[in-house]
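# Fold and geometry: a report
What follows is the residue order along each chain.
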Amino acid sequence: MDRLQSQLGNGPDVRRALADADHLRDDLDLLRQSAAADEPAQSPAPPEVVLIPRTPYDPSMWAGCEDEGIGSRHGPEPRQGPPAHRTLHLPLHRAPRTS
C-alpha cells in the first residue's frame with residue numbers, strides 16, 4: 001500500500017483504499033480467532049441411526065388427536081362428482097343468422 005500511496009499521492013481514493021485494507025486485516029484476524037475458538041477438541045459423535053418399522057402403528061396411539069391438515073389415516077377418499085378432465089367440443093364455424 002505504501003508503493004500505491006507513493007505513486008498516486010494521498011488523495012481521498014487512496015486513503016479510502018488504505019482504510020479498507022486496514023479493515024480487511026482486522027476482519028481476517030477476527031475470523032482466524034473465531035475459527036480457532038470454534039474448532040472442536042474432539043471429533044463429534046456420529047449421528048444416531050433410528051430404524052422406523054414398516055408395521056402399522058397401534059391405532060390407540062392416534063386416539064383423541066387432531067389430524068386436520070395432515071390427511072386421512074385411512075388413505076385417500078373416493079372422489080365425488082365429475083371426472084377430473086372433460087373434453088370440450090366447440091363448433092368450428094358459426095352459421096350466419098337470418099332475421
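Everything below is about the structure printed above this text.
Residue numbering note: each chain is counted from 1, following its sequence as written. Only residues with pLDDT of at least 70 get local features here, since the model is predicted, and only at 80 or more are side-chain atom pairs given and counted; chain-wide, interface and lining totals rely on the full set of residues. Values shown for side chains rest on all heavy atoms present in the structure; no hydrogens or waters enter the calculation.

## Considering the overall build of the chain
Our working definition: Labels follow the DSSP assignment, with helices taken as runs of H or I lasting at least four residues and strands as runs of E lasting at least two, numbered in each case from the N terminus. A 1.4 Å probe rolled over the protein chains alone gives each residue an accessible area, and that area as a share of the maximum for its type sets the label: buried under 20%, exposed over 50%, partly exposed in between.
In terms of regular secondary structure, the chain is built from 2 helices and 0 strands. For the chain, the residues scored as buried account for 3% of the 99 residues in total.

## Regarding helix H2 (residues 12–38)
We count it as follows: By this rule the span expected of a helix is its residue count minus one, scaled by 1.5 Å. It only takes one pair of heavy atoms within 4.5 Å for two residues to be counted as in contact.
In this model H2 runs 38 Å from its N-terminal to its C-terminal C-alpha over 27 residues, within 8% of the 39 Å that 1.5 Å per residue would give. Among the residues of H2, Val 14, Leu 18 and Ala 21 are the ones counted as buried. The inward-facing, buried residues of H2 contact helix H1 (2–8).

## Observations regarding the pattern of salt bridges
Quick note on the threshold: We count a salt bridge whenever a side-chain nitrogen from Lys or Arg sits within 4 Å of a carboxyl oxygen from Asp or Glu.
What the rule picks out here adds up to 3 salt bridges. Put simply, Asp 13 and Arg 16 hold a salt bridge, and the shortest N to O gap is 3.5 Å. Highlighted residues: Asp 13 and Arg 16, both in helix H2, separated by 3 residues, approximately one helical turn. Here Asp 13 falls in the exposed class, since its relative accessible area comes to 54%. Of the charged contacts in the structure, one is a salt bridge between Asp 29 and Arg 32, with a shortest N-O distance of 3.2 Å. Remark: Arg 32 and Asp 29 occur in helix H2; sequence separation between them is 3 residues, near one turn of the helix. The partly exposed category is assigned to Asp 29, whose relative accessible area is 38%.

## Re a nonpolar patch on the surface
To be explicit about the condition: What goes into a patch is any residue over 30% in relative accessible area without a salt bridge, connected to like charges within 9 Å or, for nonpolar side chains (Val, Leu, Ile, Met, Phe, Trp, Tyr), within 5 Å. In short, Shrake-Rupley with a 1.4 Å probe defines the accessible areas, and a residue's cover is counted only from the protein chains shown.
A contiguous nonpolar patch, built from Val 50, Ile 52, Tyr 57, Met 61 and Trp 62 and spanning about 550 Å² of accessible area, is present on the exposed surface. Tracing the sequence through the fold places Tyr 57 in the segment after H2. With a relative accessible area of 47%, Tyr 57 lands in the partly exposed category.

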